[in-house]
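Coordinate analysis (summary)
Each chain, written out:
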Amino acid sequence: MTADTKLKVLEMKGITKKFGDLSANNNVDFELFRGEIHGLLGENGAGKSTLMNVLYGLYQPTHGDIHVKGKREIIKSPLEAIDLGIGMVHQHFMLTQSHTVTENVLLGLKSKGFFLPFDSAEKKIMDLSKKYGLQVNPKAKIWQISVGEQQRVEIIKALYRDVDILILDEPTSVLSPQEVNSLFATLKSMVKQGLSIIFITHKLDEVMQVSDRITILRDGKVVGNVKTSDTNKEELANMMVGRPLITSFEKGSVEATKNILEIKNVRANNDRNLIALKDISLDIKGGEILGIAGVDGNGQSELAEVLTGLRKMLGGKIILDGKDITKLSTQAIRNLGVAYTPEDRMNIGLILEYSVSENLVLDKFSSSPFSKGLFMNQSEIDKYAKKLVSDFGIRTPSVDVPAKQLSGGNLQKIVLARELSSNPKLIIVHNPTNGLDVGAIEYVHQTLIENRKKGAAILLISTELEEILSLSDRITVLYEGELMGMVPRAEVDIEKLGLMMGGSKLDSISGESKGEQR
Ligand SMILES: Nc1ncnc2c1ncn2[C@@H]1O[C@H](COP(=O)(O)OP(=O)(O)O)[C@@H](O)[C@H]1O
Ligand SMILES: [Mg+2]
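Residues numbered from 1 in each chain as written. Chains lettered and ligands numbered in written order. Predicted model: local features only at pLDDT ≥ 70, side-chain atom pairs only at ≥ 80, totals over all residues. Heavy atoms only, no water.

**What about the sheet that holds strand 8 (residues 196-201)?**
Selection criterion: Two strands pair under a simple rule: DSSP has to find at least two bridges between them. Secondary structure elements follow DSSP: runs of H or I of four or more residues count as helices, runs of E of two or more count as strands, with numbering from the N terminus. Interaxial angles span 0 to 180 degrees and are taken between N-to-C directions of axes, which are lines fitted to C-alpha atoms, for helices over the stretch in contact. The contact definition used throughout considers only heavy atoms, calling two residues in contact when any of these lie within 4.5 Å.
Strand order in the open sheet made by the six strands is 6-7-8-3-9-10, with mixed pairing throughout. Each edge of the sheet is formed by a strand with only one pairing partner; in this case those strands are strand 6 (86-89) and strand 10 (221-227). Neighbour-to-neighbour, the strand axes of this sheet turn through a mean angle of 20 degrees, independent of strand direction. Where helix 6 (residues 177-192) meets the sheet, its contacts fall on strand 3 (37-41), strand 7 (165-169) and strand 8, and the angle it forms with strand 8 comes to roughly 150 degrees. Taken strand by strand, helix 8 (residues 233-241) contacts strand 3, strand 9 (213-218) and strand 10, and its axis lies near 30 degrees from that of strand 9.

Given below as structure tokens:
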């Protein structure tokens, strides 16, 4: 790094941000130097987004102050942040689908924005695109372009406003491995040209790969600030989680049995009546975990919904343990031993007015040992609920409080705990660890492995490639409603997986390895 690195472009001092009684940020100090990529690392809920939302003028800090380029500033809105040279790309993009790239870049520009000649706007976009290696098509409508390109549009939108500090909130969660690499190349070229970048992540590999320095947050507090070259993943994990991570676990080999699930030529539409599943065929044996990787929005939710009777199919057949369940209701499918935890666990599978313990036995109320004749066996229910609460680390004052008093992450754990503990034949999990803390993630993974040992067939749909790789026996990729090919875990090649996530079919990728399976 050059001497420039010593120029402090930003200093946040003693930042506290309270939401009611919760301190999302607690006396946080954060500094950013010119020309650096600064990783802001922490688990879900550590307070990363809150801290950056304070910087971007979306929240006012409860205490503390902010200095930008040496001057104390009170940042009351994103517009003021942008005026100070601070841009932010959020986890969820804020683009309007029916407008073009150029229109979106101009949207919200003060005054003259829309009256700028489009040609000159397009030229400036192309210049930025070239300068930083951000490939976009200015004339394309947002709905026509990939998620990766949408992200590049968000970045260009910030750069168009001449910011020199760019905040990226978990930017890689929507990208394929190749897109991640090209994003990292872009970030490195930006800092070479004098920008400064704050890169928010909970992924250790990424922060090691791209950052110059790292600040680690845990429970709203700074627990470390290190130069990337002086640290390693183990040390970072320790700081982030407060204990060492179980980096790899022995999943053991299980003799896969007969086909539990067979999907044949399934087609279905999405909620907007556009084709979401084009012609899906696959099968999963008992004792086997099939991982479906891919960027979200490529048919994953629709596939899970079709399998659980929540969505009508246009055609095809689903066989569960030899029985055709194509036309069965959700309840009938559940009764046959299918467990499902959807991506959106908040709206499905919980009755918020019921207690934690009642939610944990929702599907078992009327069976032994939880019922005694016509009555519920409260002590058995309590005993069972308390065990799940402790196993899954559900944070609740007691098992008797209404579920609605719990935080989102803890509600997710209730659904997972219930679904994974009922000895299902087939388990369908969609992004099962999204939003969970590391302890709970390890527990969910172990529970899936245990169910595999017991002979369940498991369909693991996940955008977390590491999760797919560490759990699956076979892996496939869903892209625009089609499967891109099937690979046994032992033969996985990350490069190829990445290409498949970008829409290349396995058999079209390379002729070298002829032994490749479909
Ligand atoms: N607007 C809000 N109202 C209440 N609580 C919030 C709000 N935003 C965040 N929180 C809480 O603050 C904590 C930190 O959240 P966040 O900054 O989003 O963490 P991270 O980005 O590190 O995952 C979490 O416990 C979260 O539930
Ligand atoms: Mg966040």
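**Notes on the site of ligand 1**
Keep this limit in mind: By convention in this text, a residue qualifies as near a molecule or strand provided that one of its non-hydrogen atoms is within 4 Å of it. Here a polar contact is taken to be a pair of N or O atoms separated by no more than 3.5 Å, where protein atoms must pair a possible hydrogen donor with a possible acceptor and residues adjacent in sequence count only if both atoms sit in side chains. Surface exposure here means Shrake-Rupley accessible area, sampled with a 1.4 Å probe, where a residue is shielded only by the protein chains that are shown. Note on residue classes: Ala, Val, Leu, Ile, Met, Phe, Trp, Tyr, Cys and Pro are nonpolar, Asp, Glu, Lys and Arg are charged, and everything else, Gly too, is polar.
Around ligand 1, the structure places Phe19, Leu22, Ala24, Glu43, Asn44, Gly45, Ala46, Gly47, Lys48, Ser49, Thr50 and Tyr59. Between an oxygen atom of ligand 1 and a main-chain N or O atom of Lys48, the distance comes to 2.9 Å. One of the side-chain N or O atoms of Thr50 is found 2.5 Å from an oxygen atom in ligand 1. Computed on the free molecule, ligand 1 has an accessible area of 560 Å², of which 61% lies beneath the protein chains in the complex. Of all the secondary-structure elements, those providing two or more residues to the shell around ligand 1 are strand 2 (22-33) and helix 1 (48-55). Here the shell around ligand 1 gets three residues from one element, more than from any other, and that element is helix 1. Considering only residue class, the shell around ligand 1 consists of five nonpolar, five polar and two charged.

**Considering the pairing of strand 16 (residues 338-341)**
Every other side chain in a regular strand lies on the same face of the sheet, so the side chains alternate between the two faces. Spelled out, the test is: Buried means the residue's accessible area, taken with a 1.4 Å probe over protein chains only, is under 20% of the maximum for its type, while exposed means over 50%, and partly exposed covers the values in between.
Alternating residues of strand 16 divide into Val338 and Tyr340 and Ala339 and Thr341, and every residue in both groups is buried. Sheet topology places strand 16 next to strand 19 (residues 426-430); four bridges connect them, and they run parallel. Note that in strand 19 the partner of Thr341 across the bridge is Val429.

**Quick notes on empty space enclosed by the protein**
Over the atoms, a rolling probe the size of a water molecule traces out where space has been left empty. Just so we agree on the cut-off: Think of a 1 Å grid over the protein atoms and nothing else: a 1.4 Å probe that fits but is trapped marks a cavity, an open set flanked by protein within 12 Å on at least five of seven lines marks a pocket, and residues with an atom within 4 Å of a point count as lining. Grid points are joined across faces, edges and corners, and a volume is the space filled by probe spheres set on the points.
Considering all chains together, one arrives at three cavities of 30 Å³ or more under this definition. The calculated volume of the largest cavity comes to roughly 80 Å³. Around the largest cavity sit Gly133, Leu134, Gly148, Gln151, Arg152, Leu175, Glu179, Ser182, Leu183 and Thr186, which together line it. Those elements giving two or more residues to the lining of the largest cavity turn out to be helix 5 (147-160) and helix 6.

**Remarks on the side chain of Glu170**
Looking at the element boundaries, Glu170 is found in the loop between strand 7 and helix 6. Among the polar contacts made by the side chain of Glu170, one reaches the side chain of His202 at a distance of 2.8 Å. In contact with Glu170, not counting residues within four places along its chain, are Lys48, Gln91, Ile200, Thr201 and His202.

**What to know about the packing of aromatic side chains**
What counts here: Aromatic pairing here means that ring centres of Phe, Tyr or Trp (its six-membered ring) are within 6.5 Å. Orientation follows from the plane angle: under 30 degrees is stacked, over 60 is edge-to-face, and everything else is tilted. Only when the NZ atom of a Lys or the CZ atom of an Arg is both within 6 Å of the ring centre and within 35 degrees of the ring normal do we say a charge sits over the ring.
Per the counting criterion, the structure on display carries three aromatic pairs. Judged by centre distance (5.6 Å) and plane angle (80 degrees), the rings of Phe184 and Phe199 are edge-to-face. A residue pair is termed long-range when its members are at least 10 positions apart, and Phe184 in helix 6 and Phe199 in strand 8 qualify at 15 residues. Here the two residues Phe184 and Phe199 agree in accessibility, since each one is buried. Their ring planes at 55 degrees and their centres at 5.0 Å tell us that Phe370 and Tyr384 sit as a pair that is tilted. Here Phe370 is found in the loop between helix 11 (356-360) and strand 17 (371-372), whereas its partner Tyr384 is found in helix 12 (residues 378-391), with 14 residues between them in sequence. Taking the ring centre of Tyr160 as reference, the NZ or CZ of Lys124 above it sits at 4.3 Å.

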